[in-house]
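# Architecture at a glance
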Amino acid sequence: MYNFDKKVDRRNTNAMKLEGYESYIFGSSKNLDLPYGPDDFIHMWVADMEFACAPEILDAIRDRLDREILGYTSNYDGSLFNAIKKWCKDRYGWEIERKELLTSEGVIPALERIIKYVLKEDEKALFQTPGYGQFALCCDRMNRDYITSDLIYDGEGGYTIDFDDLDEKLARDDVKLFIFCSPHNPTGRVWTEEEMKRVAELVKKHDVFMISDEIHCDLRRKDAPKHVPFAKILPDYEKLAICMAASKTFNLAGLQQSAIFIRDEKVRRKWKKKPWDY
Ligand SMILES: Cc1ncc(COP(=O)(O)O)c(C=O)c1O
């Protein structure tokens, strides 16, 4: 039923990975003198896959198209919430709350919004490096500064958290937001529960807002530890947002949908000021 050997032709679909890479990576699509043509590159720069979408997903989209009108829509009937609730419960034993679930056209736009809602102009974000490049770019676009805490490299492909450095940097008066990536891009680390509990202690100790970007949580190696949503590590901490999406899991990035859980009512209220957020 699932064919992982089929080569899907993506030409002329405006695939960013194959056709948009020149301007995205090199800054301009004009006057570029690259030593290789587009077919000579192995396009591994952006996280989407060459597998076709699962037939169940394509069928559901076709069914929706058969309804013929694609006017303004939102998530009124609870079916989106129920689907995400079941997913989080079955996979992660996490009971989500409806009031905390918001949707966004992607995790990146959600990061930008939360950065803006949480940080005043003179306050900073902290994230770990090596890190997903958009954490820095989101701060840049929102005109907020950031500092970083390096992971410790063991020289053999393994990375661990530098807890002393994290403690020191979270203690700074100007650091009010910690952006954590779990599982971690780009190292591929799935943090153990023990590591996450230590991170949680530091977040609580320094009373910072935490975003846990968990977009990669459904894709893990067989022998990796189970993913634990940070919401379960910090069950009563208000200043928390969790970012998840079906986009990486099911290769749906072009649909631009993500699920953002925000505990903090004040931040949720700011988010909902936009009229199209339910
Ligand atoms: C850690 C992380 N967060 C967010 C994103 C992008 O999320 P979205 O496409 O929903 O904006 C990526 C994409 O590679 C990612 O690796």
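Below is a summary of the structure that appears in this document. (Residues numbered from 1 in each chain as written. Predicted model: local features only at pLDDT ≥ 70, side-chain atom pairs only at ≥ 80, totals over all residues. Heavy atoms only, no water.)

### Thoughts on the sheet that holds strand E2 (residues 124–129)
Defined as follows: Think of it this way: DSSP has to see at least two bridges between two strands before they count as a pair. Here a helix means four or more residues in a row that DSSP labels H or I, a strand means two or more in a row labelled E, and each is numbered from the N terminus. Fitted lines through C-alpha atoms give the axes, limited to the stretch in contact for helices. The angle between two N-to-C directions lies from 0 to 180 degrees.
If you trace the seven strands from one edge of the open sheet to the other, you get E1-E9-E8-E7-E6-E2-E3, paired in mixed fashion. Edge positions in the open sheet fall to strand E1 (101–104) and strand E3 (145–150), since each of these has one partner strand only. In this sheet, adjacent strand axes meet at a mean angle of 25° when their direction is disregarded. Judged from the four bridges that link them, strand E7 (residues 209–213) and strand E8 (residues 240–244) form a sheet pairing that is parallel.

### Quick notes on the site of the ligand
Basically, it comes down to this: It suffices for a single heavy atom of a residue to lie within 4 Å of a molecule or strand for the residue to be listed as near it. Under the rule applied, a polar contact is a pair of N or O atoms within 3.5 Å (in protein, one hydrogen donor and one hydrogen acceptor; residues adjacent in sequence only if both atoms are side-chain atoms). Note on areas: Shrake-Rupley with a 1.4 Å probe; residue coverage comes only from the protein chains shown. Gly is put with the polar residues, along with every residue not named as nonpolar or charged; the nonpolar set is Ala, Val, Leu, Ile, Met, Phe, Trp, Tyr, Cys and Pro, and the charged set is Asp, Glu, Lys and Arg.
In the neighbourhood of the ligand, the contacting residues comprise Ala47, Gly106, Val107, Ile108, Tyr132, Cys181, Asn185, Asp213, Ile215, His216 and Lys248. At 3.0 Å, a backbone N or O of Ile108 approaches an oxygen atom of the ligand. Here an oxygen atom of the ligand sits 2.7 Å away from a polar atom, N or O, in the side chain of His216. Considered on its own, the ligand offers 400 Å² of accessible surface; in the complex 87% of this is hidden by protein. Considering only residue class, the shell around the ligand consists of six nonpolar, three polar and two charged.

### Here's the deal with the packing of helix H7 (residues 163–170) against helix H8 (residues 193–206)
We count it as follows: Put simply, angles under 35 degrees are roughly parallel, angles over 145 are roughly antiparallel, angles from 65 to 115 are roughly perpendicular, and the rest are oblique. The handedness criterion is simple: a crossing whose near helix is rotated anticlockwise from the far helix by less than a right angle is left-handed, and one whose near helix is rotated clockwise is right-handed. Residue contacts follow a heavy-atom distance rule, with two residues in contact if any of their heavy atoms lie within 4.5 Å.
Remark: H7 packs on H8, axes separated minimally by 9 Å, with the N-to-C direction vectors making an angle of 20°. One element, H7, and the other, H8, form an angle in the roughly parallel class. The element H7 and its partner H8 pack so that their crossing is right-handed. Taking contact as the criterion, the partners of Phe163, Leu166, Asp167 and Leu170 in H7 are, on H8, Glu195, Arg198, Val199, Leu202, Val203, Lys205 and His206. Split into classes, the residues belonging to the contact of H7 with H8 amount to six nonpolar, one polar and four charged.

In short, the description is geometric, and any link to function would need to be established separately.
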